[in-house]
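# Chain and residue survey
Chain by chain, the residues:
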Protein chains: 12
Amino acid sequence: MPDGVYKRIEIIGTSPNSWEDAVENAVEKASETLDDLRVCEVDKLDTRIEDDEVVAYRARVKLSFKYQG
Amino acid sequence: MPDGVYKRIEIIGTSPNSWEDAVENAVEKASETLDDLRVCEVDKLDTRIEDDEVVAYRARVKLSFKYQG
Amino acid sequence: MPDGVYKRIEIIGTSPNSWEDAVENAVEKASETLDDLRVCEVDKLDTRIEDDEVVAYRARVKLSFKYQG
Amino acid sequence: MPDGVYKRIEIIGTSPNSWEDAVENAVEKASETLDDLRVCEVDKLDTRIEDDEVVAYRARVKLSFKYQG
Amino acid sequence: MPDGVYKRIEIIGTSPNSWEDAVENAVEKASETLDDLRVCEVDKLDTRIEDDEVVAYRARVKLSFKYQG
Amino acid sequence: MPDGVYKRIEIIGTSPNSWEDAVENAVEKASETLDDLRVCEVDKLDTRIEDDEVVAYRARVKLSFKYQG
Amino acid sequence: MPDGVYKRIEIIGTSPNSWEDAVENAVEKASETLDDLRVCEVDKLDTRIEDDEVVAYRARVKLSFKYQG
Amino acid sequence: MPDGVYKRIEIIGTSPNSWEDAVENAVEKASETLDDLRVCEVDKLDTRIEDDEVVAYRARVKLSFKYQG
Amino acid sequence: MPDGVYKRIEIIGTSPNSWEDAVENAVEKASETLDDLRVCEVDKLDTRIEDDEVVAYRARVKLSFKYQG
Amino acid sequence: MPDGVYKRIEIIGTSPNSWEDAVENAVEKASETLDDLRVCEVDKLDTRIEDDEVVAYRARVKLSFKYQG
Amino acid sequence: MPDGVYKRIEIIGTSPNSWEDAVENAVEKASETLDDLRVCEVDKLDTRIEDDEVVAYRARVKLSFKYQG
Amino acid sequence: MPDGVYKRIEIIGTSPNSWEDAVENAVEKASETLDDLRVCEVDKLDTRIEDDEVVAYRARVKLSFKYQG
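Residues numbered from 1 in each chain as written. Chains lettered and ligands numbered in written order. Predicted model: local features only at pLDDT ≥ 70, side-chain atom pairs only at ≥ 80, totals over all residues. Heavy atoms only, no water.

### Section: the overall build of chain A
A count of helical and extended segments in chain A gives 1 helix and 3 strands. When the helices and strands of chain A are read in sequence order from the N terminus, they spell out β-α-β-β. In terms of overall size, chain A is more extended than a compact globule, its C-alpha atoms giving a radius of gyration of 14 Å where 69 residues would be expected to give roughly 11 Å. Across its three principal axes, chain A shows a C-alpha extent of roughly 50 × 20 × 20 Å. Residue burial in chain A is summarised as follows: out of 69 residues, 61% are buried. At a minimum sequence separation of 6, the contacts of chain A that also span at least 24 residues come to 62%. Summing over all exposed atoms, chain A offers an accessible surface of approximately 2700 Å²; the carbon and sulfur share of this is 38%. Counting 10 positive and 16 negative side-chain charges, chain A places the centres of these two groups 8 Å from one another. (Helix = DSSP H or I, 4+ residues; strand = E, 2+ residues; numbered from the N terminus. Rg over C-alpha atoms; globule rule 2.2 N^0.38 Å. Buried < 20%, exposed > 50% of the residue type's maximum accessible area, 1.4 Å probe, protein only. Contact = heavy atoms within 4.5 Å. Areas by Shrake-Rupley, 256 points an atom, 1.4 Å probe, with all protein chains shown as cover. Lys, Arg positive; Asp, Glu negative; His and termini not counted. Charge placed at Lys NZ, Arg CZ, Asp CG, Glu CD.)

This is the structure we're talking about:
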């Protein structure tokens, strides 16, 4: 992360397959509007359950990017 | 919280009456621009004091909503 | 912090000189678009290293300001 | 808490009115089957939101009671 | 909090009615001997239980005031 | 999670394949006796090692369900 | 801890002599109904005081055992 | 802890023999000036080492007592 | 820290120049009435902001000293 | 973990595929020089991002082994 | 701890008798190769159980010593 | 941090001048034997006091480097 001012936000990605996939969905969505993403830190992992089955993996992550104000 | 990507932000609501009221003010203000709010997690509670009297209850909360980018 | 609803965000300031300077850079950048900043809480301090030398001091801080939605 | 062995469990009470009420509901339900409850520690507070309105206050609490095995 | 040196202490207020009331009792008692109290941060909430009923709400809070030594 | 009183317990699932699989095993076992499971929060991840090889992935999770007493 | 699903509970043991003794009391009581106990993790230590004397050592511990549902 | 306002302070007891003894020294010293002590919570344990030998056990504890102002 | 019983308190020092200076102000003020200070642990750093400028650096520190009761 | 003295170190494994794979790489590398590894606790998970794509999964883990000095 | 650069490592001592003994074993082993040990901070306490009996007390501690590189 | 396996250690730097200087001393000493240092995370800051004066600033930091085994 070169010098300058950065902002850090909290995103929650989900996927029916895995936590890796959930993080990739979060990064993909964020990168539509944010540039120069470098590291994605996992803050919390959980799953959604329906009818006694795990139906979604959720990853709450922190993303840093150049601060535009 | 159905699948998709969500964003989580930190809001501080205040009220002269109670922490419940402070949270409701935060949710009310946030819902003016954010859709599909489902859960509001309390992160920290404090009060403002003036002339030895509690004059405001403040609740710092975390809100999740569908991520628009 | 008078009554009303506030938002709290996470900014990372950097400086080659000191952590105080890094925080000032963060506050200066944030104040270009945010009003009524009052307190800046330090969440984490680290440094960037190149060729065995500390080249940048980084301060991750939390800033509160009036919530516009 | 006199000598002996105690068990500590996690209960979540809810109420449309207040967190105090949510805790009372949790204690009332637990005391139907548990004896000698003395202290109820709040672990986490949150609210459920529907149509931009807070509809329930939830209190996650820890309760200790004599351990029956 | 203007410049100078401040001390921060931990007080536990209680009330049969609510946590807001418990905090007010703590602030009221503290302000008998401490000046210029401004913010009261909640550190922990619990309740005392007797005969399966919540009989007291307790709030453990942190108070800052000008340090007299 | 609709209103009412819920209990939250800690389960450790294991699997030779992945942490997702370990969580599914935990949910499957728990759902044999618990109803209406909705969210499974990951508290800690570790692995068991034998002869320098990872032989099991373990996920410690928290599960909430309607409190029967 | 071989594969399979385990449950983890919180027990508080007490003793007038020492924290080691308090933990042994907790393990002894738990093992009356739980099998295959392997590790007991200390979560919190405190003491009970009467007439300015320490009268009991209390150890809050976490115990894991095979989950029966 | 009956109703009223309590203060909570941090004391460090030491002993060449054990952590239990260190806590007893802390309680004994505190009770010279503080009344109605009931619970002493352990916050941190460490030891002092001299010439590769443990020479003192130190227990940092939290004590609550009736708040006199 | 030789044997005996010590007390640990929380002080907040401020300075317009730096966090080091803020800590020195706290130590200087505390040492007016407390003896044998040895270590000062930083608990939290923040800054006060006025008109978009950092005007004060604040350091919340923990100080231990011989307990006089 | 039989009796004796153990050392605990912090290793970061990486992999382009998954966190499980990252942990296996860490364990494999560590076991080249360390014996009798039994449990690997996950401390933190993150990912490296390049050109808006997750390119590496990183797992920071704690490993215990017999202490040789 | 005089000036200079120090390293801090994590050691786990065990003993069939007590946590004090477990810490002494850890310090004794470490001091075979490390000089000038001064403080040993307890990070975590647990016990090993066999056939429903506590058979070993384990103390995970942090030790600081002059850094040799 | 490119792919591969890294080790993370805890170092304490000291300086009579500032925490920045203390971190630089730690990095300088570590880089005598460790290659490719990139980020130095601050874990804890404190000061040493003699005769009521701050005589040393101490920074406990975490350093990552390529793992050689």
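### A word on the interface of chain F and chain A
Chain F puts 15 residues into the contact, and the matching count from chain A is 14 residues. Buried surface at the junction of chain F and chain A, both sides included, amounts to about 1200 Å², of which 58% is carbon and sulfur. Linking chain F with chain A are 1 salt bridge. Linking Glu41 of chain F and Lys44 of chain A is a salt bridge whose minimum nitrogen-to-oxygen distance equals 2.9 Å. Where strand S2 (residues 39–50) of chain A meets strand S2 (residues 39–50) of chain F, 3 bridges bridge the pair, whose relative direction is antiparallel. Bridge pairing links Asp46 of chain A to Glu41 of chain F in S2 of chain F. (Buried area = accessible area lost by both parts, 1.4 Å probe. Salt bridge = Lys/Arg side-chain N within 4 Å of Asp/Glu carboxyl O. Pairing = 2+ DSSP bridges.)

### Examining the packing of aromatic side chains
All names here are of chain A. If you walk through the whole model with that rule in mind, you get 12 aromatic pairs over all chains. Between Trp19 and Tyr57, the ring centres sit 5.2 Å apart and the planes meet at 80 degrees, which makes this aromatic pair edge-to-face. Of this pair, Trp19 sits in helix H1 (residues 19–30) while Tyr57 sits in strand S3 (residues 53–66), and the two are 38 residues apart along the sequence. Tyr57 shares its class with Trp19; the two are buried. (Phe/Tyr/Trp six-rings, centres within 6.5 Å; stacked < 30°, edge-to-face > 60°.)

### Considering the arrangement of the chains
One finds no contact between chain C and chain D; the C-alpha atoms of the two approach each other to within 14 Å at their closest. In this assembly chain C lies apart from chain F, the nearest approach of their C-alpha atoms being 23 Å.

### Some remarks on the relation of the copies chain E and chain H
Laying chain E over chain H is done by rotating through 120 degrees and shifting 0.0 Å along the axis; what remains is an RMSD of 0.0 Å. The transformation just described matches what one would write down for a three-fold rotation axis. Taking C-alpha positions as the reference, the residue of chain E nearest the rotation axis is Ile9 of chain E, at 4.5 Å. (Least-squares fit on C-alpha atoms with pLDDT ≥ 70 in both.)

### Observations regarding the relation of the copies chain F and chain A
Rotating chain F by 120 degrees and translating it 0.0 Å along the rotation axis places it on chain A, where the RMSD comes to 0.0 Å. Little of the interface of chain F is mirrored in chain A, where only 20% of its interface residues are also at the interface.

### Let's talk about the interface of chain E and chain H
In this assembly, 16 residues from chain E lie in contact with 12 residues from chain H. Interface of chain E and chain H: buried area, both sides summed, is about 1300 Å²; carbon and sulfur atoms make up 51% of it. If you sort the residues of chain E by the area they bury against chain H, Glu10, Ile12 and Lys29 of chain E come out on top, with a joint share of 41%. The tally of links from chain E across to chain H stands at 1 salt bridge.

### Some thoughts on the pairing of strand S3 (residues 53–66) of chain D
Remember that side chains alternate between the two faces of the sheet whenever the strand is regular. In terms of burial, S3 of chain D is largely enclosed, as 11 of its 14 residues are buried. The loop that links strand S2 (residues 39–50) of chain D with its antiparallel partner S3 of chain D comprises 2 residues; one of these, Asp51 of chain D, has a positive phi angle of about 50 degrees.

### Some thoughts on a negative patch on the surface
A contiguous patch of negative charge on the surface is contributed by Glu24, Glu28 and Asp35 of chain A together with Asp51, Asp52 and Glu53 of chain J. Mapped onto the secondary structure, Asp52 of chain J falls in the loop between strand S2 (39–50) and strand S3 (53–66). (Patch = residues over 30% accessible without salt bridge, like charges linked within 9 Å, V, L, I, M, F, W, Y side chains within 5 Å.)

### Looking at the environment of Lys66 of chain J
All names here are of chain J. In this structure, Lys66 sits in strand S3. A relative accessible area of 37% means that Lys66 is categorised as partly exposed. Separated by 31 residues in sequence, Lys66 and Asp35 have C-alpha atoms that sit 7.1 Å apart.

### Details of the environment of Glu41 of chain K
Along the polypeptide, Glu41 of chain K turns up in strand S2 (residues 39–50). In this structure Glu41 of chain K comes out as buried when scored by relative accessible area, which is 16%. The spacing of Glu41 of chain K and Ser64 of chain K is 23 residues in sequence and 9.2 Å in space, taken between C-alpha atoms. Not counting chain neighbours up to four residues away, the residues in contact with Glu41 of chain K comprise Lys44, Leu45 and Asp46 of chain H together with Arg8, Arg60, Val61 and Lys62 of chain K. A polar side-chain atom of Glu41 of chain K sits 2.8 Å from a polar atom in the side chain of Lys44 of chain H. (Polar contact = N/O pair within 3.5 Å; in protein donor to acceptor, adjacent residues only side chain to side chain.)

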